[in-house]
Amino acid sequence: MPKAPTEIRSIARRWTTAAIEQLGGIATNGESEAARVAACVALLDRGWGRPPQAHTGENGEGDIRVTIRHIVQEISAQKVIDHEGTND
């Protein structure tokens with residue numbers, strides 16, 4: 001996603017206080033529990049940062065394993081075989 005021009009970001013940041021106040025109002029008086037929770041999460045994320053994400057292996061256990069496979073096109077593989085087969 002391309003960054004917004006500096007002027008637009010600057011204008012949008014002027015609304016920070018109002019936006020935080022609205023989130024606080026929703027967190028306190030929102031019509032649904034889902035709205036209140038979403039507002040609370042947004043406020044906490046902005047105030048304290050998002051919590052770290054754990055990186056685990058399959059089924060949420062152990063280390064992450066990465067398998068890297070090198071795919072060689074058939075022509076390149078044939079050249080390697082031909083080169084190895086010669087006595088030059």
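Residues numbered from 1 in each chain as written. Predicted model: local features only at pLDDT ≥ 70, side-chain atom pairs only at ≥ 80, totals over all residues. Heavy atoms only, no water.

Enquirer: What is the right way to look at the overall build of the chain in this model?
Expert: Along the backbone of the chain there are four helices and zero strands. Counting from the amino terminus, the chain carries its helices and strands in the arrangement α-α-α-α. In the chain, buried positions account for 7% of the 88 residues. Accessible surface computed for the chain: about 8700 Å², of which carbon and sulfur atoms make up 55%. (Helix = DSSP H or I, 4+ residues; strand = E, 2+ residues; numbered from the N terminus. Buried < 20%, exposed > 50% of the residue type's maximum accessible area, 1.4 Å probe, protein only. Areas by Shrake-Rupley, 256 points an atom, 1.4 Å probe, with all protein chains shown as cover.)

Enquirer: How should I be thinking about a nonpolar patch on the surface in this particular structure?
Expert: Judged by side-chain polarity, Ile64, Val66 and Ile68 come together as a nonpolar surface patch covering roughly 360 Å² of accessible area. Note on placement: Val66 falls in the loop between helix 3 (33–48) and helix 4 (74–85). (Patch = residues over 30% accessible without salt bridge, like charges linked within 9 Å, V, L, I, M, F, W, Y side chains within 5 Å. Salt bridge = Lys/Arg side-chain N within 4 Å of Asp/Glu carboxyl O.)

Enquirer: Help me out: how do you make sense of the packing of helix 2 (residues 16–29) against helix 3 in this one?
Expert: Interhelical geometry of helix 2 versus helix 3 gives an angle of 140 degrees and a closest axis separation of 7 Å. Viewed along their axes, helix 2 and helix 3 adopt a mutual orientation that is oblique. In this structure, helix 2 meets helix 3 at a crossing whose hand is left-handed. Between helix 2 and helix 3, the contacting residues are Ile20, Leu23, Gly24, Ile26, Ala27 and Thr28 on the first element and Ala35, Arg36, Ala39, Cys40, Ala42, Leu43 and Arg46 on the second. Its residues assigned to classes, the contact of helix 2 with helix 3 comprises nine nonpolar, two polar and two charged. (Axes fitted to C-alpha atoms, helices over the stretch in contact; angles between N-to-C directions. Parallel < 35°, antiparallel > 145°, perpendicular 65-115°, else oblique. Left-handed = near helix turned anticlockwise from the far one by under 90°. Contact = heavy atoms within 4.5 Å. Nonpolar A, V, L, I, M, F, W, Y, C, P; charged D, E, K, R; others polar.)

Enquirer: Can you walk me through the pattern of salt bridges in this structure?
Expert: For side chains of opposite charge, pairing can occur when their charged atoms come near one another. This structure, assessed with the given rule, holds one salt bridge. Note that Asp45 and Arg50 form a salt bridge whose closest N and O atoms lie 3.8 Å from each other.

Enquirer: Teacher, can you tell me more about the environment of Gly62 here?
Expert: Within the element layout of this structure, Gly62 appears in the loop between helix 3 and helix 4. In this structure Gly62 comes out as exposed when scored by relative accessible area, which is 56%. Once you skip the residues sitting within four places of it in the chain, Gly62 turns out to touch Thr56 and Gly57.

Enquirer: Would you take a moment to explain the confidence of the model for the chain for this structure?
Expert: Any residue range with low pLDDT should be treated as having predicted coordinates unsuitable for detailed reading. Per-residue pLDDT for the chain averages 82, and the proportion of residues at 70 or more is 76%. When pLDDT is averaged over each element of the chain, helix 2 comes out on top at 97 and helix 4 at the bottom at 60. (pLDDT = per-residue confidence, 0-100.)

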